[in-house]
Amino acid sequence: MFGKYLRLVAAAGALLALAGGAASAVEFKPYGRGSFAELRKQHAGRPLVVHFWSVTCPPCLAELPDWAKIASEKKSLDIVFVNADPDNDRPRAQSRIDKAGLSNLVQYGFADDFVERLYFEADKSWRGELPFTALIGADGALVTVTGTIDDPQVADWLARAGK
Amino acid sequence: MKALTLVLLAGIIAAPAYAEDRAAAADQAGQDHTRHMAHAAAPPACAEAKPACAQTADPTFAKDGRLWLAFSVGDTIYAASSRDSQNFDPSVVAATATGGVIDANGEARPKIVALADGTLLVSYTARPEKSYNGSISIARSTDGGKSFSAAQPLVDGAGQRFDIFLASPKGRVYAAWLDKRDADEARKAGKDFAGSGIAVGWSDDGGKTFAGKKILLDHACECCRVSAALDRDGLPVFAWRHVFGTNLRDHYVAKLSANGAELLGGRVSEDEWATTCPHHGPSLAIDSAGTWHVAWFTNGNARKGLFYARSVDGGKSFSEPAKFGDDERTPSHAALLFAKSGLYRVWKEFDGTTTSILAQMSRDAGKSWSAPRVVASTTGASDHPLLIEHKGAAYLSWLTHEQGYRLLPLPREQAAATTRAQPAAALTGK
């Protein structure tokens, strides 16, 4: 099943690339073991937001457009989205990303069933509650927040980081 | 994915006729990519019609002593039975979901209930393509699980998820689920509405039809499982995460009134957790004295971790929440069960590498608990731990990718003084 979806998504991406089409087919990079550390390494020296969301989390969906707004306003901020759904939910995750205007941003999707481990790598005490946001300063300082974008911790951090 | 796209591009440009080869190349590239990049495993690990290939397995014991499991692989819901709880007969297709994704995760999963007359009920929730609004369907077998009737919707119209079923000794089947219809109405009227509703219905014809289907309380948290147990009088009691005040997601336990029109109970605790989607529902058990026992997870300002409390007055009041589990190991997803041999609780802990299931038992209605003991572990993906009674004994029902499905008897040692994480307040009891 995994292979089939991967193939469909990849095929759609390839065809669009051939046709010179815009990036409306979102490419969900696989988010697996070690991905969190890898992201921190890739974005070292720049403020980074890693935002985890799910199509089965209504508050997550409601605030996706707010994240699009932040992304367009704060150019010095790197924002990475991680869809925490299993692979068979990815098509609907894609339509949500398109609808929220986030297709041009970096998207990952959970690619490992051992979700405890993925949670643990981002925050030892995270059990999978969503939305969940990891805020990493340019100095590498990590803060994790369960809650929406208007959570004071998230809002304050965003106000301070990037312009 | 980039490498994969390149492979595909190369395939499309070089040899558009060889579709099968391209597909194979994509599969191969996908495997290489996942192996090298993120160590990502393909979910599920296999696609055969057996429990080991599923994400979740829900157990029930039939009257003849056979263990039945309901599980899904792809778009198909299966039932499989075993006489020794280890070796399963070939799975039987219970239903095939069309036009949606089946809920098959720790919180929401295909379920199975065996009725006293031998009827098997299998339920599942399918979510349509562009919505998280699901619909619950039920398939029945009246020939001992050889075949299942075409699945019938529990409720007309979408908006239902997180179903739970239980059969009373008198033969009535109760169903409860979270229902978004009131929330949708409110939204259409331009009003704010927190969460969803908790709805109840019942069947007196072995699950063929359900009566009384109604949302009885609004503002249940919409992303956590509902737990249920029968009270001494045979009426069902339900536990769920509720939205109190503006957005506090604490727990509610309530019993269905005899006329089926009300849910009567109360709030378990005030954890001060203003949050969104915990994806982490409670567990409920009721003992032979009629005491309600509830276990839950919170990450509130007032308390964080796994907690237990009980009520001896039908939910009017609950004992002081008592913490359990090792906070250093992310304790989660507790399950409670009352069996003839005592009250049991199990939960998951994770140390960064290994997921363990810990168990404790109490012979004094939850006032004291035996020392936590690891009863199973795995180093891969796993389902939530479930508890099931069979012939008076308590069993852990647990599906893992590495070990497959396991049914393990829980230790029945005498309750000892609890060794950790048990505040004194909990021992005073009520």
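Structure: above.
The residue count restarts for each chain, going from 1 along the sequence in the order it is written. Here chains are named by letter from A upward and ligands by number from 1 upward, in the order in which they appear as written. The model is predicted, so local features are restricted to residues of pLDDT at least 70 and side-chain atom pairs to those at 80 or more, both for listing and for counting; the totals for chains, interfaces and linings are taken over all residues. Hydrogens and water molecules were not included; the side-chain quantities draw on all heavy atoms of the structure.

Caption draft 1: Representation of the layout of surface pockets within the structure. Residues and elements named next belong to chain A. Only protein atoms enter the 1 Å grid used here. Points where a 1.4 Å probe fits but cannot escape make up a cavity, open sets with protein on both sides within 12 Å along at least five of seven lines make up a pocket, and a residue lines them when an atom lies within 4 Å of a point. Grid points are joined across faces, edges and corners, and a volume is the space filled by probe spheres set on the points. There is about 1100 Å³ of room inside the second largest pocket. Only runs of H or I of at least four residues qualify as helices and only runs of E of at least two qualify as strands under DSSP, and these elements are numbered from the N terminus. The leading source of residues in the lining of the second largest pocket is helix H3 (residues 58-73), at 8 residues. Its residues assigned to classes, the lining of the second largest pocket shows 18 nonpolar, 14 polar and 16 charged. Under the grouping applied here, Gly and all other residues not named as nonpolar or charged are polar, the nonpolar ones being Ala, Val, Leu, Ile, Met, Phe, Trp, Tyr, Cys and Pro and the charged ones Asp, Glu, Lys and Arg.

Caption draft 2: Structural detail: H3(A). All names here are of chain A. Note on bend: at a given residue it equals the angle between the axes fitted to the 7 residues ending there and to the 7 starting there. The largest bend along H3 measures about 35° and falls at Leu64, with the proline Pro65 one to four residues further on. Using a 1.4 Å probe on the protein chains alone, a residue whose accessible area is under 20% of its type maximum counts as buried, one over 50% counts as exposed, and one in between counts as partly exposed. Taken as a whole, H3 has its buried residues at Pro58, Pro59, Cys60, Leu61, Glu63, Leu64, Trp67, Ala68, Ile70 and Ala71. Where H3 is buried, its residues touch strand S2 (48-53), strand S3 (78-83), helix H4 (90-100), strand S5 (132-136) and helix H6 (152-160). Two residues qualify as a contact provided that any one of their heavy atoms is within 4.5 Å of a heavy atom in the partner residue.

Caption draft 3: How the structure looks around the packing of aromatic side chains. Stacked, edge-to-face and tilted are the three classes for Phe, Tyr and Trp ring pairs, Trp counted by its six-membered ring, which pair at centre distances within 6.5 Å; planes under 30 degrees apart are stacked, over 60 edge-to-face, the rest tilted. Throughout the structure, instances matching the rule amount to 21 aromatic pairs over all chains. Note on Tyr119(A) and Trp126(A): the rings are 4.7 Å apart at their centroids and 50° apart in plane angle, and the pair reads as tilted. Comparing Tyr119(A) with Trp126(A), the two get one shared label, buried. Here Phe71(B) and Tyr78(B) contribute two aromatic rings whose centre-to-centre distance is 5.6 Å and whose plane-to-plane angle is 25°, an arrangement assigned as stacked. Looking at Phe71(B), the relative accessible area reads 0%, which means it is buried. Two conditions define a charge sitting above a ring: the NZ of Lys or the CZ of Arg must be within 6 Å of the ring centre, and it must be within 35 degrees of the ring normal. For the cation-ring pair, Arg267(B) lies above Phe244(B), with the distance from its terminal atom to the ring centre recorded as 4.0 Å. Sitting above the plane of the Phe324(B) ring, Arg345(B) keeps its charged end 4.1 Å from the centroid.

Caption draft 4: Layout of the nonpolar core. In this description, a nonpolar core means a group of buried Ala, Val, Leu, Ile, Met, Phe, Trp, Tyr and Cys residues linked to one another through side-chain atoms lying within 4.5 Å. Ranked by size, the top nonpolar core spans 52 residues in total, and within it Tyr31(A), Val50(A), Phe52(A), Trp53(A) and Leu158(A) carry the most contacts. Ignoring sequence-local partners within four residues, the contact set of Val50(A) consists of Phe36(A), Leu39(A), Val80(A), Val82(A), Phe132(A), Thr133(A), Ala134(A) and Ile136(A). Val226(B), Trp240(B), Tyr252(B) and Leu256(B) belong to the second-largest nonpolar core, a separate cluster that totals 22 residues.

Caption draft 5: Looking closely at the sheet that holds S3(A). Residue and element names in this part refer to chain A. Paired strands, as defined in this entry, are two strands with at least two bridges between them according to DSSP. With respect to topology, 6 strands assemble into an open sheet ordered S1-S4-S3-S2-S5-S6, the strand pairing being mixed. The sheet is open, and its two borders are formed by strand S1 (28-31) and strand S6 (142-146), each paired with just one other strand. Strand after strand, the sheet turns through a mean of 25° between neighbouring axes, direction not considered. By the bridge criterion, 5 bridges tie S2 to S5 in an arrangement that is antiparallel. Paired with Phe52 across the bridge in S5 is Phe132. Inter-axis angles, ranging from 0 to 180 degrees, are taken between N-to-C directions of lines fitted to C-alpha atoms, where helices are fitted over the stretch in contact.

Without other data, these values stay purely geometric and don't point to any function.
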